[in-house]
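Fold and contact review
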Amino acid sequence: MYFILSKVLFLFAMPVFWAFVLLVYAAFSKKYKQRLLVAGIAVFYFFSVRLTVDTFGRLWDVKSANVKGKQYSSVILLGGFVSEDENGNGYFNGASPRYNSAVKLFKEGTAKHILFTGGNGKLRQSKFTEAAFVKDALHLWGVPDSLILLDNKARNTEENAKFSKELLLRAKLKPPYVLVTSAYHMRRAQLLFEKNGLEVLPYPCNYLEAENFDTGTVIPSAEAMASWNIYIKEVIGYIVALIR
């Protein structure tokens, strides 16, 4: 129930929803029409430019731990970088740097094992799981089954942490573990893993913010709005994880 509720309620937290509400309210209001119109436009502009979302991203994103020159029992790779097409086949999406970063750590010898956690996070479940796709992808890179730990049940970050702990304890792999996920997701992921008693070192990737400022950062764009939606979801998730 909580899984479904979290998916639905997030829609009401999206900036475009509140900008739309303010503009609709302005259309029918006589007393506060001008104020509501200005507020609606201001909300829309604030959440549609890269300047604001990039600034927030630099404050929110967690810095990477220094893992070079050391070896760890396992890298924990969080799902979310594989999508399912209309035919039920998997493909790498925009979050694929997660996979690339984890494989690189393994190939360099920084991690002895790769633990992947991710099932099917859709409201309408299908037989497709990220874990099956990732297992095949790791085989293509020559990673043997003996060095792969797979969780195909997790639907969200909380379950990622729970099921990863079970696998690590069963395999008797000692901490700390290198945690790989997108930079915007790392703060919430690290919190949940630590609340589950796992000592993890953050290794973020897939940064959303632009490296340099340019005139395009103050021009409204759908890309900026989409990035804000991601960060707002993470902030809400982090607060919920903090108080639960």
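That block above? That's the structure.
Parameters at a glance
- Sequence order as written defines the numbering, with residues in each chain counted from 1.
- Local features in this predicted model are restricted to residues of pLDDT 70 or higher, and side-chain atom pairs are both shown and tallied only at a pLDDT of 80 or more, whereas totals for entire chains, interfaces and linings draw on every residue.
- To get the side-chain values, take all heavy atoms of the structure and skip hydrogens and water.
- Segments assigned H or I by DSSP are reported as helices when at least four residues long, segments assigned E as strands when at least two residues long, and all are numbered from the N terminus.
- How far a helix is expected to stretch is found by multiplying one less than its residue total by 1.5 Å.
- Bend, in this description, refers to the angle at a residue between axes fitted to the seven residues ending there and the seven starting there.
- The classification of residues rests on relative accessible area computed with a 1.4 Å probe and restricted to protein chains. Under 20% of the type maximum is buried, over 50% is exposed, and intermediate values are partly exposed.
- Take the buried Ala, Val, Leu, Ile, Met, Phe, Trp, Tyr and Cys residues and link them wherever side-chain atoms come within 4.5 Å; each set so joined is a nonpolar core.
- Residue contacts are defined here by distance: any two heavy atoms, one from each residue, within 4.5 Å place the two residues in contact.
- Salt bridges are counted wherever a side-chain nitrogen of Lys or Arg sits within 4 Å of a carboxyl oxygen of Asp or Glu.
- Two rings from Phe, Tyr or Trp (for Trp, the six-membered ring) form a pair when their centres are within 6.5 Å of each other. A pair whose planes differ by under 30 degrees is stacked, one over 60 is edge-to-face, and the rest are tilted.
- The criterion for a charge sitting over a ring is simple: Lys NZ or Arg CZ within 6 Å of the ring centre, and within 35 degrees of the ring normal.
- The axes are straight lines fitted to the C-alpha atoms, using for helices just the contacting stretch, and the angles between their N-to-C directions are given from 0 to 180°.
- For classification purposes, angles smaller than 35 degrees are called roughly parallel, those larger than 145 roughly antiparallel, those between 65 and 115 roughly perpendicular, and all remaining angles oblique.
- Take the far helix as your reference; a near helix turned counterclockwise from it by less than a right angle gives a left-handed crossing, and one turned clockwise gives a right-handed crossing.
- Residues are grouped as follows: nonpolar covers Ala, Val, Leu, Ile, Met, Phe, Trp, Tyr, Cys and Pro; charged covers Asp, Glu, Lys and Arg; every other residue, Gly included, is treated as polar.

Glancing now at helix 8 (residues 183–195). Helix length check: helix 8 (13 residues) gives 19 Å between terminal C-alpha atoms against 18 Å at 1.5 Å per residue, within 8%. At alanine 189, helix 8 shows its maximal kink, close to 25°. Residues Ala183, Tyr184, His185, Met186, Arg188, Ala189, Gln190, Leu191, Leu192 and Phe193 constitute the buried set of helix 8.

Now for the nonpolar core. Core analysis: the largest hydrophobic core is formed by 26 residues, its most contacted members being Val75, Phe81, Tyr99, Val134 and Leu138. Among all residues touching leucine 138, those that are not within four sequence positions of it are Tyr99, Val103, Ile114, Val143 and Ile148. Formed by 16 residues, the second largest nonpolar core is a distinct cluster that contains Tyr177, Ala189, Phe193 and Val200.

Further remarks concern the pattern of salt bridges. Scanning the entire structure with this criterion turns up four salt bridges. In this structure, arginine 50 engages glutamate 223 in a salt bridge whose closest nitrogen and oxygen atoms are separated by 3.6 Å. Placement of the pair is arginine 50 in helix 4 (residues 50–60) and glutamate 223 in helix 9 (residues 222–243), with a sequence separation of 173 residues. The partner of arginine 188 in a salt bridge is glutamate 234, with the nearest N and O atoms 2.9 Å apart. Of this pair, arginine 188 sits in helix 8 while glutamate 234 sits in helix 9; the two residues are 46 residues apart in sequence, bridging distant segments of the chain. You'll find arginine 188 and glutamate 234 in the same group, each marked buried. When salt bridges with common partners are traced through the structure, they connect Arg50, Asp54 and Glu223 into a single cluster.

Let us now look at the packing of aromatic side chains. Taken as a whole and assessed by the stated rule, the structure comprises 14 aromatic pairs. Here the aromatic rings of phenylalanine 17 and tryptophan 18 are separated by 5.3 Å at their centres, their planes lie at 85°, and the arrangement is edge-to-face. Here the aromatic cluster, defined as three or more aromatic residues joined through ring pairs, consists of Phe46, Phe47, Phe56, Trp60, Tyr184, Trp228, Tyr231 and Tyr238. Looking at lysine 153, its charged tip hangs above the ring of phenylalanine 163, at a distance of 4.4 Å from the centre.

It is at 8 Å that the axes of helix 2 (residues 15–28) and helix 3 (residues 33–46) come closest, and there the two elements cross at 160°. Overall, the two elements helix 2 and helix 3 adopt an arrangement that is roughly antiparallel. Our pair here, helix 2 against helix 3, has a crossing hand that is left-handed. Residues Pro15, Ala19, Leu22, Leu23, Tyr25, Ala26 and Ala27 of helix 2 form the contact with helix 3, whose participating residues are Lys33, Leu36, Leu37, Ala39, Gly40, Ile41, Val43 and Phe44. Looking at the contact of helix 2 with helix 3 residue by residue, the class counts come to 13 nonpolar, one polar and one charged.

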